[in-house]
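Listed here are the chains, written in short residue letters.
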Amino acid sequence: MKTILLNETPGDIERAGEILRGGGLVGVPTETVYGLAADALNGEAVARIFRAKGRPMDNPLIVHIADFSDIERFSLVREIPESARLLAERFWPGPLTMIMKKGEVIPDEVSAGLDTVAIRYPSHPAARAIIKAAKTPLAAPSANLSGSPSPTTAAHVMNDLSGRIEAVLDGGSCEVGLESTVITLAGEKPRVLRPGGVTVEQLREALGEVEVDDAVLHRLSEGERAASPGMKYKHYSPKANVILLRGSDEAFIEYTNAHSGDGVAALCCDEDIAALRTEAYSLGKRGDYSAQAHSLFELLRRLDESGRIRTVYSRLPGTDGVGLAVYNRLIRAAGFEVIDLEKK
Ligand code: AMP
Ligand code: MG
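Residues numbered from 1 in each chain as written. Chains lettered and ligands numbered in written order. Predicted model: local features only at pLDDT ≥ 70, side-chain atom pairs only at ≥ 80, totals over all residues. Heavy atoms only, no water.

Draft legend 1. Just helix α7 (residues 154–161), in detail. In terms of residue burial, α7 counts as a mostly covered element, since six of its eight residues are buried. Contacts made by the buried residues of α7 are with β1 (4–6), β3 (35–39), α2 (43–53), β8 (167–169) and α10 (289–305). With its phi angle positive at about 90 degrees, Gly 163 sits one or two positions after the end of α7. (Buried < 20%, exposed > 50% of the residue type's maximum accessible area, 1.4 Å probe, protein only. Helix = DSSP H or I, 4+ residues; strand = E, 2+ residues; numbered from the N terminus. Contact = heavy atoms within 4.5 Å.)

This is the structure in structure tokens:
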């Protein structure tokens, strides 16, 4: 199959909508990362997403809508909790996914057999236009091969999926750069399953008490059930071995310099560059977690493209604000390998 590259023109948006209505797959730009979309109400089309990505079938997909009213219009959920209305008013359209009890129209392929469904209303104008053109909600995971870093440009999607999907629509580089925050509203208390651009602090401000799932910061132990199946996989990984260093700024620089050599690089902050004696890739300014989120996946891909880097020493961000989302992706990219420099 030849994958066509579409642009943000009305004609191409209409074309993307047609492909999706016909059961095809389209790489779609959103403000978080590029999504690999299919008609969410067509189980066969959705099954093709899993095959194209090599995604485990037990990992459910997010359903994307073009207006809050789509939830009722398509009967996507059994009921809309009050908390969902509150959050939608504050954070939609935007990088927040809400999990609710699913409606009967949701195919098993979307929910991976769970009795819940994840829903998001994206803010990227092209994403909204494509959903409208398709005239159906779109199921879309990130448009990468399963396990590799999520795509933040159309070129990343082409790299991973060219020949496996009908089209990619180029809507530029993704603003947030990390996947959406996922919160479940289907349990007793609201609980964050995956951190993202909408922060835990913001959610607490809106709802009061909000729990954070253990899997956000820790590796699940053998046999432990994941509330969000996606969190149990090694993920977002470049081919190079990523090792996280916990400790002071000075300790990070000292350790990295002591271990520098052929095929070794540092994933660092702007302020570290001058002192590092190794190939360095900066995520952004030290405290600017939004900038770091924006560049993380792009840099992980660049490390692989270099073809030389085998080991990457990376700083660990703080866990406040958007830092929690960067931390969550980095520990998965590293397969949870963290060296505590203060304990050495
Ligand atoms: P991705 O589409 O790659 O951003 O992955 C979607 C994320 O949302 C994965 O981590 C899924 O496990 C999670 N997710 C989707 N639907 C549900 C659901 N019904 N319950 C729990 N987690 C979900
Ligand atoms: Mg993904």
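Next comes the rest of the description.
Draft legend 2. Broad picture of the sheet that holds strand β12 (residues 241–246). Across the sheet, five strands lie side by side as β14-β13-β15-β12-β16; this open sheet has parallel pairing. Two strands lie at the open edges of the sheet, namely β14 (279–282) and β16 (338–340), each paired on one side alone. Neighbour to neighbour, the strand axes of the sheet diverge by 25 degrees on average, direction disregarded. Here four bridges tie strand β13 (residues 264–268) to strand β15 (residues 311–315), and the two strands are oriented parallel to one another. Each bridged residue has a counterpart across the sheet, and for Ala 266 the counterpart in β15 is Tyr 313. Across the sheet, helix α11 (residues 323–333) lies against β12, β13, β15 and β16, angled at about 130 degrees from β12, the strand it touches most. (Pairing = 2+ DSSP bridges. Axes fitted to C-alpha atoms, helices over the stretch in contact; angles between N-to-C directions.)

Draft legend 3. Quick look at the site of ligand 1. Residues in close proximity to ligand 1 total 20 residues, the closest being Asn 59, Thr 116, Pro 141, Arg 194 and Gly 230. Contacts to ligand 1 include Asn 59, whose side-chain N or O atom sits 2.8 Å from an oxygen atom. Ser 142 places a side-chain nitrogen or oxygen 3.3 Å from an oxygen atom of ligand 1. Going through the elements one at a time, β6 (116–120) and β10 (191–194) are the ones with two or more residues in the shell around ligand 1. Sorting elements by how many residues they give to the shell around ligand 1 places β6 first, with three residues. (Near = heavy atom within 4 Å. Polar contact = N/O pair within 3.5 Å; in protein donor to acceptor, adjacent residues only side chain to side chain.)

Draft legend 4. Region of the structure containing the packing of aromatic side chains. Within the structure shown, the criterion is met by three aromatic pairs. Judged by centre distance (6.3 Å) and plane angle (80 degrees), the rings of Trp 92 and Tyr 121 are edge-to-face. Taken together, the residues Trp 92 in the loop between α4 (82–91) and β5 (96–101) and Tyr 121 in the loop between β6 and α6 (125–134) connect sequence positions 29 residues apart. Accessibility classification places Trp 92 together with Tyr 121 in one group, the buried group. Plain terms: the ring middles of Tyr 255 and Tyr 313 are 5.6 Å apart, the flat faces sit at 80 degrees to each other, and that makes the pair edge-to-face. Placement of the pair is Tyr 255 in helix α9 (residues 249–258) and Tyr 313 in strand β15, with a sequence separation of 58 residues. A single burial state applies to Tyr 255 and to Tyr 313, both of which are buried. An aromatic cluster of three or more residues is present, and its members are Phe 68, Trp 92 and Tyr 121. When the ring centre of Phe 252 is taken as reference, the NZ or CZ atom of Arg 315 above it lies at 5.2 Å. (Phe/Tyr/Trp six-rings, centres within 6.5 Å; stacked < 30°, edge-to-face > 60°. Lys NZ or Arg CZ within 6 Å of the ring centre and 35° of its normal.)

Draft legend 5. Region of the structure containing unusual backbone geometry. Looking along the chain, the bond that leaves Trp 92 and enters Pro 93 is cis, with omega of -5 degrees. By the secondary structure assignment, Pro 93 is in the loop between α4 and β5. At Ser 75, a position not held by glycine, the phi torsion is positive, near 50 degrees. Within the element layout of this structure, Ser 75 appears in the loop between α3 (70–73) and α4. Of the residues examined, Ser 75 reaches a relative accessible area of 41% and is grouped as partly exposed. With a phi angle near 50 degrees, Ala 112 is a residue other than glycine that sits in the positive phi range. Among the secondary structure elements, Ala 112 is positioned in the loop between α5 (108–111) and β6.

Draft legend 6. Representation of the environment of Arg 225 within the structure. Along the polypeptide, Arg 225 turns up in the loop between β11 (211–212) and β12. Given the relative accessible area of 66%, Arg 225 is considered exposed. Taking the C-alpha atoms as reference, Arg 225 lies 9.8 Å from Ala 215; in sequence the two are ten residues apart.

Draft legend 7. Expanded view of the sheet that holds β8. Taken in spatial order, the eleven strands make up an open sheet running β1-β8-β2-β3-β7-β4-β6-β5-β9-β10-β11, and their pairing is mixed. Whereas interior strands pair on both sides, the edge strands pair on one side only; in this sheet they are β1 and β11. Where β10 meets β11, two bridges bridge the pair, whose relative direction is parallel. In the sheet register, Arg 191 faces β11, and the bridge partner there is Glu 211. Taken strand by strand, α4 contacts β5 and β9 (181–184), and its axis lies near 165 degrees from that of β5.

Draft legend 8. Region of the structure containing the environment of Ser 150. Here Ser 150 is to be found in the loop between β7 (138–139) and α7. Spatially, the C-alpha atom of Ser 150 lies 15 Å from that of Ile 62, the residues being 88 residues apart in sequence. Contacts of Ser 150, omitting those with residues within four sequence positions, involve Val 33, Ser 142, Asn 144, Glu 179, Tyr 236, Phe 297 and Arg 301. Looking at Ser 150, its side chain comes within polar contact range of the side chain of Glu 179, at 2.4 Å.

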